[in-house]
Each structure stands twice: as structure tokens, then as C-alpha cells.
Amino acid sequence: MLPSDPIPAGPFLLRPPMESDAHVVARACDDPVTARFLPLMPSPYRLADAMFYLTEVVPAAWKAGGAEFAIADARDDLVGVVGLKPPDRLGNGEIGYWVAPWARARGVAAAAVRTITAWAFSRGVPRIEILANVENIGSQKVALASGYRNEGVLRGAELHRDGSRQDLVQFARLAGDQGDAIKPYLPFFPGGELSDGVVTLSPLTYADTADFFALAEDPEVTQYSVGASGPDLSAVEHRCRSALSWWLAGQRIELGVRDAPTGALAGHLQLTFVQAELGQAMIGYMLATRYRGRGIMTRAVRLLVDWVFQETGIGRLYASTDPDNLVSQRVLQRVGFTHEALVKGLFPGPDGTRLDDVQWSLVKPPPHADA
Ligand SMILES: CC(C)(COP(=O)(O)OP(=O)(O)OC[C@H]1O[C@@H](n2cnc3c(N)ncnc32)[C@H](O)[C@@H]1OP(=O)(O)O)[C@@H](O)C(=O)NCCC(=O)NCCS
């Protein structure tokens, strides 16, 4: 059995949970976010559930070779829980945690995870994983802040209360890793969105699924989309659920282009094929027919380009257009993209044909350009 002596964790203390924590545990766990992202926890969560956890689950976890710590604040009040599962058949560990709603966004989880990770490594655990629901951005940020590397997605690995299976993002740290906090290559927008008062850009989320599907269903909208083979609702849902996680992983940004006054989804703008090594990425977009002819996509691309060049390490953006798609080419020209080349037969077309592509690029002005 692992030792259960208290461990200092910055301003907090990791100590074994006690029966006297029951009321706080019950209040903390009866929370919609916890219910959403910890689907094995009872919901609603009652005092009896807390007592069962404290008198049965906690002792069993220690007995099986795992650890279950309360995260206590300076007054010894419980503000969360962090646990290490018993080693799996390969000797590896997995950490899980929750923080009371009233104690979130104060670094509680990150401090606890860092501490229990170092403690477990010092006891010979070679590798520790954290598994977070693909939409649980808070938990994914905790993993990165605690030096855990994103290793990919476990598809459909988590069973939910409604019977659906959802993706888990896997993070891990090895005992030999440096363990510094991992800074995402692509920061989130300040306040979650960019806006010029007419157009607002904000990440696609699950709530956009129906509107994004309607957009992708319009043949006029997808007329020039390469590889579009008709909309697939489950693919659209997957994309909307995954968008923020892809962003945090530095892979791609999937944005809703929204009518600023109403918030209605007018279109889609993406930053994709992000190559951190080269500091370059591709943009692509589509706009619902009823929003066309008002300069909306020009505004949207401008907002994104300005942010990319100011806030990220990307110094070159490129775009592809169909040779006949003069309107899209006009958007790029208005934002300042330069026509680069006509590439013959670049993309697969219908019935075994190949499609030509007109390519555009925009390079970040050198730092001394404004001086
Ligand atoms: C996920 C959870 C544990 C985070 O706890 P927390 O104490 O608020 O996290 P921290 O304050 O240590 O935050 C660490 C980082 O994550 C960010 N973060 C935390 N919650 C966030 C959220 N909901 N959205 C965006 N970022 C979030 C913090 O801003 C911080 O980032 P920074 O280092 O850039 O400032 C908490 O929200 C929770 O208990 N959720 C329900 C249960 C759960 O999801 N458990 C994990 C299952 S895998």
C-alpha cells in the first residue's frame, strides 16, 4: 500500500479524505460540469453518495495500490480530490481529479496534479496518464499546465449517461520528462472571440452542430469544397465537439463566422495544415448564400489574419481556390493575399478527374516594416 501521509502542494495540502468531508463532497459533486465530465459519478449526487465514496471507495483505492487524496486549503477545508489509480498490468498509473465549483480557476487542480505526479514518480511509477473528455477543455488545460503531453484521441472510449460513446484525449508524462508546463502553440482568442462589430469569430462547439450541418448541406456553399461528398451529421457533430481540443493541441482552428448583432452562424473559417516547424498554415472558408455580397468573409479573414500574425508563431498563410471561384479570389486579394501559381490537377475531382488549383499566400510583414 502507498503511504498516505499528507503532502504539501503549494498553498494546498494533499491529505486522505475523511468522513467529516462528506457534506462538502456532496455539495461539490452535485454539479452539472462534474456530472457532464465524470459520467461514472452518481448524478444527482447526494450525501449518501459522499458517505459511500468516503467509507468504501477511498479505502478500497488505497488497498488496491492506488491513492486518493483530498485537496485541502489553508483552513483544511476540502476544495477537491485527486487520485492515482492502482498500476495497470504494465505498471503505469492514471490520475483523475475534480475541484469544487467554488474553488475553480485558482490553480487548485494544476497544483494537485503536479504534486501527486512527482510523488508517484518518486515511488517508481514510470508513466502516468490523464484522460479527458474531448470537450473538457478545463481538464486538458490542467494536463498541459502539469507538463502532460497530448498523445492523441481514444475514439469513443467513454460511455456517457445518455448511452453515447465520446472521445477521450490522452495525455501522459514519463518519469524522465522534464515536466515543465506545456504552452499551446495556438493561444485561444482573448475573451473567446474576435469581433469588428459586424462579424464575430468564435470556435465551433457542439451547440453549432445543427447550424453547421445546414451550412454544409447547401450545395451552393460546398460547391468549391474539395472532397465534399455530401454532409454527414455524425462527422459534423464530431468536428464541432473536437474543435476546441484540436485548437488546444495546436492542430487546427475551426471557427464559426457569426453575424455580430444576432450571433447567427453565417459561415465557417478554418486555419488548418498548421506546420509549427515552418510557421505556416492554410486558411479555408465558406459562407451561407444569404450572407454573401456584404464583405462578411473579407472581414472574417482580416480578423483572423491580423490575430494570427500578432499572436502566433505563424508567419505565412496560404489558401487554395478553384480557378473559376473569382469571388473567393477577390476576398483573398482584398485581404492582401498574393496570387502565386496555378497548380495543374492538384485535387481529386469527381469521376476520377483531377482539379486545378489557384494558390495564394500572405507573408507576415517584417518587424521593421512600420518603423
Ligand atoms: C477540470 C477541473 C478539475 C479544473 O480545476 P481547476 O482547479 O479550476 O483548474 P486550474 O485552476 O488548476 O486550471 C489550470 C489551467 O486550466 C485552465 N482552466 C481550468 N478550467 C477551465 C475551463 N473550464 N475552461 C478553460 N480553461 C480552464 C485555467 O485557466 C488554467 O490555465 P492557465 O494555466 O492558462 O491559467 C475542474 O473544472 C473540475 O473539477 N471539473 C469537473 C470534473 C472534471 O472535469 N474532472 C477532470 C476529469 S478528466
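Criteria and cut-off values
- Residues numbered from 1 in each chain as written.
- Predicted model: local features only at pLDDT ≥ 70, side-chain atom pairs only at ≥ 80, totals over all residues.
- Axes fitted to C-alpha atoms, helices over the stretch in contact; angles between N-to-C directions.
- Helix = DSSP H or I, 4+ residues; strand = E, 2+ residues; numbered from the N terminus.
- Parallel < 35°, antiparallel > 145°, perpendicular 65-115°, else oblique.
- Left-handed = near helix turned anticlockwise from the far one by under 90°.
- Contact = placed C-beta atoms within 7 Å.
- Nonpolar A, V, L, I, M, F, W, Y, C, P; charged D, E, K, R; others polar.
- Domains from an automatic or database assignment.
- Near = placed C-beta within 6 Å.
- Pairing = 2+ DSSP bridges.

1. Considerations on the packing of helix H9 (residues 296-311) against helix H10 (residues 326-335)
Where H9 meets H10, the axes come as close as 9 Å, and the angle between the chain directions of the two elements is 45 degrees. Classified by the angle their axes make, H9 and H10 are oblique. Viewed along their axes, H9 and H10 form a crossing whose handedness is right-handed. Residues Met 297, Thr 298, Val 301, Arg 302 and Val 305 of H9 lie in contact with H10, whose contacting residues are Val 331, Arg 334 and Val 335. Looking at the contact of H9 with H10 residue by residue, the classes come out as five nonpolar, one polar and two charged.

2. Focus on the domain arrangement of the protein
Here the domain parsing of the protein yields domain 1 (7-174) and domain 2 (190-370). Just the C-alpha atoms count here: the centres of domain 1 and domain 2 sit 37 Å apart. Contact residues are listed per partner, giving eight residues for domain 1 and seven residues for domain 2. When contributions to the side of domain 1 that touches domain 2 are tallied by element, the ones reaching two or more residues are helix H5 (137-145) and strand S8 (165-174). Considering each element in turn, the side of domain 1 that touches domain 2 owes the most residues, three residues, to H5.

3. Digging into the site of the ligand
The environment of the ligand is formed by 22 residues, the closest being Arg 104, Ala 109, Ala 110, Gly 138 and Lys 141. Looking at the shell around the ligand, the elements with two or more residues in it are helix H2 (32-37), strand S5 (93-99), helix H4 (108-122) and H5. Taken together, the residues of the shell around the ligand break down into 14 nonpolar, five polar and three charged.

4. Quick look at the sheet that holds strand S13 (residues 280-287)
Through backbone hydrogen bonds, the strands of a sheet pair up, either in parallel or in antiparallel fashion. Strand order across the open sheet formed by eight strands is S9-S10-S11-S12-S13-S14-S16-S15, with mixed pairing between neighbours. Of all strands in the sheet, those bounded by a partner on one side alone are strand S9 (194-195) and strand S15 (338-348).

5. Quick notes on unusual backbone geometry
Glycine aside, a negative phi is what most residues show, and trans is what most peptide bonds show. Cis geometry is found at the peptide bond from Ser 43 to Pro 44, where omega equals -5 degrees. Among the secondary structure elements, Pro 44 is positioned in the loop between H2 and helix H3 (47-63). Although it is not a glycine, Phe 273 adopts a positive phi angle of roughly 45 degrees. Along the chain, Phe 273 turns up in strand S12 (residues 265-275).

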